[in-house]
Amino acid sequence: HPPTHLACPAVPLSVLLPSPPRHENPRFPGILARLEEDPVCQRLPLTSFLILPFQRITRLKMLVENILKRTAPGSRDEDTATKAFNELKKLIKECNSSVQSMKRTEELIHLNKKIHFESKIFPLISQSRWLVKHGELLEVDTQSMSISGTKFKLPTRPVYLHLFNDCLLLSRKKEAVYQGHEAALLPAPRPRSLRSTWKFAVFVHAKIGQLKVKDLSQKVQGFSGYIFHLQLCDGPQLKHQILLKAHTESEKQRWITAMLPPDPEGSREQISENEDRSQVQCIKSYKAQEHDELTLEKADILQVKTLTSDGWVEGIRLSDGERGWFPQSYVEEITSRSARLRNLRENNRIKCATQKLEEEYL
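Criteria and cut-off values
- Residues numbered from 1 in each chain as written.
- Predicted model: local features only at pLDDT ≥ 70, side-chain atom pairs only at ≥ 80, totals over all residues.
- Heavy atoms only, no water.
- Helix = DSSP H or I, 4+ residues; strand = E, 2+ residues; numbered from the N terminus.
- Buried < 20%, exposed > 50% of the residue type's maximum accessible area, 1.4 Å probe, protein only.
- Contact = heavy atoms within 4.5 Å.
- Areas by Shrake-Rupley, 256 points an atom, 1.4 Å probe, with all protein chains shown as cover.
- Core = buried A, V, L, I, M, F, W, Y, C linked by side-chain atoms within 4.5 Å.
- Polar contact = N/O pair within 3.5 Å; in protein donor to acceptor, adjacent residues only side chain to side chain.
- 1 Å grid on protein atoms, 1.4 Å probe; cavity = no way out; pocket = protein on both sides within 12 Å on 5 of 7 lines; lining within 4 Å.
- Points joined across faces, edges and corners; volume = space filled by probe spheres on them.
- Nonpolar A, V, L, I, M, F, W, Y, C, P; charged D, E, K, R; others polar.
- Pairing = 2+ DSSP bridges.
- Axes fitted to C-alpha atoms, helices over the stretch in contact; angles between N-to-C directions.
- Phe/Tyr/Trp six-rings, centres within 6.5 Å; stacked < 30°, edge-to-face > 60°.
- Lys NZ or Arg CZ within 6 Å of the ring centre and 35° of its normal.

Trainee: Outline the overall build of the protein, supporting the account with residue identities and numerical values.
Mentor: Across its full length, the protein holds 10 helices and 15 strands. For the protein, with 362 residues in total, the buried portion stands at 37%. In the protein, 59% of the contacts between residues at least 6 apart in sequence involve partners at least 24 apart. Taken as a whole, the protein presents about 22300 Å² of accessible surface, with 52% of it coming from carbon and sulfur.

Trainee: Talk me through the nonpolar core; I want residue IDs and the actual numbers.
Mentor: Counting 20 residues, the largest nonpolar core has L161, L168, L211 and M259 as its most contacted members. Looking at this core, the elements that each hand over two or more residues are β5 (156-164), β6 (167-177), β7 (196-207), β9 (226-234), β10 (237-246) and α9 (249-259). Looking at this core, the element that brings in the most residues is α9, giving 4 residues. For L211, the contacting residues outside a window of four places in its chain are L163, L168, A206, L230, Q231, L232 and M259. Within the second largest apolar cluster, 13 residues are counted, among which are F117, L124, F164 and C167.

Trainee: I'd like a rundown of the side chain of T82, residues and numbers included.
Mentor: With respect to the helices and strands, the residue T82 is situated in helix α6 (residues 76-114). At 2.6 Å, the side chain of T82 and the backbone oxygen of E78 are in polar contact. Sequence-distant contacts of T82, defined by excluding residues within four places in its chain, comprise L68, A353, T354 and L357.

Trainee: Which residues make up the layout of surface pockets, and what are the values?
Mentor: In this structure, the second largest pocket occupies an estimated 240 Å³ of space. Residue lining of the second largest pocket: 15 residues in total, with F122, H205, A206, K207 and K239 positioned closest to the centre. When residues of the lining of the second largest pocket are traced back to their parent elements, those giving at least two are β7 and β9. Element by element, the count of residues in the lining of the second largest pocket is highest for β7, at 3 residues. Considered class by class, the residues forming the lining of the second largest pocket number 6 nonpolar, 3 polar and 6 charged.

Trainee: Before we move on, could you go through the environment of K287 and cite the residues and values that matter?
Mentor: Among the secondary structure elements, K287 is positioned in the loop between β11 (279-282) and β12 (301-307). Looking at K287, the relative accessible area reads 51%, which means it is exposed. Taking C-alpha positions, K287 is 8.5 Å from E297, a pair spaced 10 residues apart along the chain.

Trainee: Talk me through the sheet that holds β12; I want residue IDs and the actual numbers.
Mentor: Working definition: the strands of a sheet are paired by backbone hydrogen bonds and lie parallel or antiparallel to each other. With respect to topology, 5 strands assemble into an open sheet ordered β14-β13-β12-β11-β15, the strand pairing being antiparallel. Each end of this open sheet is capped by a strand with a single partner; those strands are β14 (323-327) and β15 (331-333). Direction aside, neighbouring strands of the sheet carry axes that sit 45° apart on average. Two strands pair when backbone bridges link them, and β11 and β12 are joined in this way by 3 bridges, in the antiparallel orientation. Each bridged residue has a counterpart across the sheet, and for V280 the counterpart in β12 is L302.

Trainee: Pulling in residues and values, what's your account of the pairing of β11?
Mentor: Pairing of β11 with β15, which is carried by 3 bridges, proceeds in the antiparallel orientation. Across the sheet, the residue bridging to C282 is V331, located in β15.

Trainee: Account for the environment of I256, naming residues and giving values.
Mentor: Note that I256 resides in helix α9. Taking the C-alpha atoms as reference points, I256 and D215, separated by 41 residues in sequence, lie 7.7 Å from one another. If we ignore the near neighbours within four places in the chain, the residues touching I256 are V213, D215 and F228.

Trainee: Tell me about the packing of aromatic side chains, and name the residues and values.
Mentor: Going through the model one piece at a time under the given rule, you end up with 2 aromatic pairs. A cation over a ring is seen here: R104 above W130, with NZ or CZ 4.0 Å from the ring centre. The ring of Y330 carries K284 above its face, with NZ or CZ at 4.8 Å from the centroid.

Trainee: I'd like a description of the environment of S171, backed by residues and values.
Mentor: With respect to the secondary-structure elements, S171 resides in strand β6. S171 sits 13 residues away from P158 along the chain, and the two C-alpha atoms are 9.2 Å apart. Sequence-distant contacts of S171, that is, excluding residues within four places in its chain, are made with V159, Y160, H162, F200, A201, V202 and F203.

Trainee: I'd like a description of unusual backbone geometry, backed by residues and values.
Mentor: Positive phi, close to 55°, is recorded for Q42, a residue that is not glycine. When you line up the elements, Q42 lands in the loop between α3 (28-37) and α4 (46-55). In this structure, R43 is a non-glycine residue whose phi angle is positive, near 65°. Topologically, R43 is positioned in the loop between α3 and α4. Taking the relative accessible area as the measure of exposure, R43 reaches 83% and is therefore exposed.

And the structure:
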């Protein structure tokens, strides 16, 4: 059902719209233009009418969720609202899964062209693999350190990390120059910036379960900066170890969190009804910019896991258990203990009603 994929604007509309009418019927563009110029359309193109209904689905889910919270337990209204809530959840999940699958495949194909292994060839493209986080950190060279005043001076050099759901690759960025046929395809004149691009030369990799991470920022006296120690193992044997320095506290914490072994149930986490931990509510929508971030809708309620000094929060959304990072400026703290406990009770009630309905279908 192609229209359902339009819930996410990341998918090009040209991929999803049927193309034959535009090419086979010469009258199609003219008729479409006249329809779009009609005052009833309010100058909105066809794409808006296709996309907007599905952009509203997440808000419909929130509306039905609030209705469900206000129904009497065990009533017919609760049963009806639960069924509607479940159907909306399924539709949103289908939309997100379809878009996510396409994006992950495209990303792997792109990375496969840029990542090169210096020794053993590693088959990067796999249907069960996706990119979790990537970026550049600084490798601290403890062998060449010097003392400046009361602090140690640590030489550093860049190292690039590609963290997938099942493995981690450490690499150095290298400039690759286009040659032969590839260079001829570039527009003339061909400046060096166009004739070259960055590639990644992998010097070590390990499975995600073979990583050991330790935060050292508060434990290494005399060393300034956001430092953590990473070990890559091969079974019981140490394969490689490296001291890494991040630029901010949040960058360090996000890498450490991402490298920890994933929960058996995936990224979703269970929240206890009696667990009174810090909560925040979204006050303005936020769209995730990186893989480990969480897209927020206004009024989303989240339980706080981590709060950094530079204004980033790691949280778990109560409605679906999704976990991720977001800027602190997009949320406000729920200071009332009774409000926090009420949110947990309502969340637990919705889960129980949903589970009961699912059991009835079995």
